[in-house]
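Report on the structure
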Amino acid sequence: MPSTAISRPPGPKGLPLLGMTFAIRRDALGTLRQVAREYGDIVRLPVAFQDRIFLNRPDLIEQILVVQQAKFHKSELTKRIVGRLLGQGLLISEGEFWRRQRRLAQPAFHRNRIQEYAATMVESVERHTREWGEGDQRDMAREMMALTLDVAVRTLFGTSLPGEAQKVGHSMTFLMRYQLGRQRSPVRIPESWPTPRNKRANREREFLDSLVYHIIEERRAKGDGNHGNDLLSLLVSAMDEDGTQMTPEQLRDETMTLFLAGHETTALMLAWMWYLLGENPAAEARLHQELREVLGGRAPQVADLTKLPFLQAVMNETLRLYPPAYITARTSVEPFALAGYEFEKGTTLLISQWVTHRDPRYFEAPDEFRPERWLNGAASKIPAGAYFPFGDGPRRCIGQGFALLEGALVIATLAERYQFRLVPGHPVEPDPLITLRFRHGLPMTLHARK
Ligand code: HEM
């Protein structure tokens, strides 16, 4: 069947291409769900004035991420948005180069290795929340970002950069908004033109580059590449079978990638979780009871985590409802067949965690927060490809174990001490940037637990 047979949703006012492009710009999350509902499992969808193929069925998603994965690369769109910032880092590199880098980085993410970071993670939480007290009002989205940034800096780079961590956060946020804004805009001013935004983007990039090169130099100068247990030390000393090591540029790209991929997504998972727990007191009470029984007020350790199934369920359910990586794209590097259609090389496919995770065919009452759906083996009924907050196949998130460990330790430490409640009347709305952020922040009031 020719691929042109796939339905194209008409945009508002009968302006298919333009209308849909603007609908997506106005409300990407709502539009994607509506399109999936009304047009089915495989849809030709114009995004940013170009046709993409939007997939909404788990087996089709598995075809792209796992079964036929060799026929696809990360999309040009992804590379345009983050490529400038992340260079040839793991997230967007391809082929033999990616395979080698993944091989070099993998040991650093081994379970035993990651568990060594647990104490640092708990310590970061303690330090970060030292000043918190009864009745405080805090923007939990911002707090979680600052906390995971601190954890990222200390575990990945074995250093804390006083004063710098926040600046790094601001730089990254600006650059993400800048790249996404450029991508979504119908008029693209060349980056080389000296507009105020272009100039600021250059300054922010230079700042981040100099920071990362400084840390790399510090590591190499100290000659402790073989001794430190932080991630950068491991990457600095990682050696391939042929005896080669990463160049400073490769180290810079991987460092930047881990920095960006590592803290922002985890912070969002945590912030969405505080929001969901605050809105669902019954689930919160059950979590408190589990923590009381297992920890009884002491700080959590790695060995405790397997005894906290409800906490794990809360994380799974949060990642289902508000997946920080809410959309994934691929571009075919050769022709391929899918769902009875033939597609050309260069076809871009979109799959969306946001849409699939809320599909009533796979999740009962999909918009409700029900951690119980992950307990007692109930999750085994969910088909592969219906739930993939960390992606799937060979390009699956290398930091999944790291994120889930950090998430569990942060929740356990803080939920033992505090209850968080949304400031009444504050609107909470997801903002689909590169990750799923909060459009208006997340101001919450702290209540100390007895
Ligand atoms: C809740 C937290 C996180 C979420 C939801 C998440 C999600 C994802 C997803 C969906 C992908 C696959 C993207 C694709 O297929 O195109 C990915 C890849 C990746 N993630 Fe994560 N991630 C998280 C935390 C982390 C952490 C903590 C790190 C590092 C410390 C990390 C580093 C990476 C890297 C390097 C890749 C690229 C892997 C490759 O292609 O080889 N992520 N992540």
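Notes on the structure in this doc start here. Quantities reported herein were computed from a predicted structural model and do not represent experimental measurements. Per chain, the residues get numbers from 1 upward, laid out in the order the sequence is written. Where totals are concerned, whole chains, interfaces and linings use all residues; where local detail is concerned, this predicted model gives features only for residues with pLDDT of at least 70, and gives and counts side-chain atom pairs only at 80 or more. Only hydrogens and water are removed before side-chain values are computed, so all heavy atoms of the structure are retained for them.

Another point: the side chain of threonine 413. Secondary structure elements follow DSSP: runs of H or I no shorter than four residues count as helices, runs of E no shorter than two count as strands, and numbering proceeds from the N terminus. As for its position among the elements, threonine 413 is in helix α16 (residues 400-415). A polar contact is formed between the side chain of threonine 413 and the backbone oxygen of leucine 409, at a distance of 2.5 Å. Setting aside its immediate chain neighbours within four residues, threonine 413 contacts Val122, Val125, Glu126 and Pro300. Nitrogen and oxygen atoms within 3.5 Å of one another constitute a polar contact, given that in protein one can donate a hydrogen and the other can accept it, and given that sequence-neighbouring residues count only through two side-chain atoms. In what follows, a contact means two residues having at least one pair of non-hydrogen atoms within 4.5 Å.

To define axes, lines are fitted to C-alpha atoms, for helices over the stretch in contact only, and angles between the resulting N-to-C directions are given on a 0 to 180 degree scale. Contact pair helix α8 (residues 140-157) / α16: the axes reach a minimum separation of 12 Å and the direction vectors enclose 125°. As judged from the angle between their axes, α8 and α16 are oblique. By crossing handedness, the relation of α8 to α16 is classed as right-handed. In contact with Met144, Leu147, Thr148, Val151, Thr155 and Leu156 of α8, α16 contributes Phe402, Glu406, Val410 and Leu414. Classification convention: Asp, Glu, Lys, Arg as charged; Ala, Val, Leu, Ile, Met, Phe, Trp, Tyr, Cys, Pro as nonpolar; all other residues, Gly among them, as polar. Tallied by class, the residues present in the contact of α8 with α16 amount to 7 nonpolar, 2 polar and 1 charged. The labels follow the angle: roughly parallel below 35 degrees, roughly antiparallel above 145, roughly perpendicular from 65 to 115, and oblique for the rest. By convention the crossing between two helices is left-handed if the near helix lies anticlockwise of the far one by an angle smaller than a right angle, and right-handed if it lies clockwise.

Okay, the pattern of salt bridges next. By salt bridge we mean one thing: a side-chain nitrogen of Lys or Arg within 4 Å of a carboxyl oxygen of Asp or Glu. Taken as a whole and assessed by the stated rule, the structure comprises 32 salt bridges. The partner of aspartate 51 in a salt bridge is arginine 44, and the shortest N-O contact between them spans 3.7 Å. Among the ionic pairs, aspartate 367 bridges to arginine 358, the shortest N-O distance being 3.0 Å. We call a residue buried when its accessible area falls under 20% of the maximum for its residue type, exposed when it is over 50%, and partly exposed in between, using a 1.4 Å probe and counting protein chains only. Residue classification places arginine 358 among the buried positions, given a relative accessible area of 7%. Shared partners join several salt bridges into a network, and the residues in it are Asp41, Arg57, Asp59, Asp359 and Arg361.

Quick look at helix α7 (residues 118-128) now. All buried positions along α7 are accounted for by Ala118, Met121, Val122, Ser124 and Val125. All buried residues of α7 fall inside an arc of 155° around its axis, so they share one side. Where the residues of α7 are buried, they touch α6 (111-115), α8 and α16. The directions considered for the arc run from the helix axis to the C-beta atoms.

Coordination here is defined by N, O and S atoms within 2.8 Å of the metal (3.2 Å for Na, K and Ca), and since water is not considered, a site can look incomplete. Protein coordination of the iron atom of the ligand is limited to a single donor, Cys397 (SG), which sits 2.3 Å from the metal. Along the chain, cysteine 397 turns up in the loop between α15 (353-356) and α16.

In spatial order, the strands read β4-β12-β9; together these 3 strands make up an open sheet with antiparallel pairing. Of all strands in the sheet, those bounded by a partner on one side alone are β4 (137-139) and β9 (418-422). Each strand axis lies, on average, 40° off the axis of its neighbour in the sheet, ignoring direction. Strand pairing is defined by DSSP finding a minimum of two bridges between the two strands. With 3 bridges joining them, β4 and strand β12 (residues 443-448) adopt antiparallel strand pairing. Across the sheet, arginine 138 pairs through a bridge with methionine 444, a residue of β12.

Attention now moves to α16. To estimate the expected span of a helix, subtract one from its residue number and multiply by 1.5 Å. In this model α16 runs 22 Å from its N-terminal to its C-terminal C-alpha over 16 residues, within 8% of the 22 Å that 1.5 Å per residue would give. Counted residue by residue, α16 has 13 buried out of 16 residues, so it is predominantly covered.

On to the packing of aromatic side chains, then. For this analysis, a ring pair means two rings from Phe, Tyr or Trp (six-membered ring only for Trp) whose centres lie within 6.5 Å, classed as stacked if their planes differ by under 30 degrees, edge-to-face if by over 60, and tilted for the remaining angles. Taken as a whole and judged by the stated rule, the model has 15 aromatic pairs. With centroids separated by 4.6 Å and ring planes inclined at 55°, the aromatic side chains of tryptophan 274 and phenylalanine 420 adopt a geometry described as tilted. Of this pair, tryptophan 274 sits in helix α12 (residues 248-279) while phenylalanine 420 sits in strand β9, placing them 146 residues apart in sequence. Here the two residues tryptophan 274 and phenylalanine 420 agree in accessibility, since each one is buried. Counted as over-ring charges are cases with an Arg CZ or a Lys NZ within 6 Å of the ring centre that also lie within 35 degrees of the ring normal. Directly above the ring of phenylalanine 174 sits arginine 200, whose terminal nitrogen or CZ lies 4.0 Å from the centroid. The ring centre of phenylalanine 363 lies 5.1 Å from the NZ or CZ of arginine 320, which sits over that ring.

Leave glycine aside and you will find that most residues have negative phi; peptide bonds, for their part, are mostly trans. Its identity is not glycine, yet alanine 339 carries a phi of approximately 55°, on the positive side. Take alanine 339: it is sitting in the loop between β6 (336-338) and β7 (341-343). On the basis of relative accessible area, alanine 339 is assigned to the partly exposed category, the value being 38%. The residue alanine 365 is not glycine, and still its phi comes out positive at about 45°. By the secondary structure assignment, alanine 365 is in the loop between α15 and α16.

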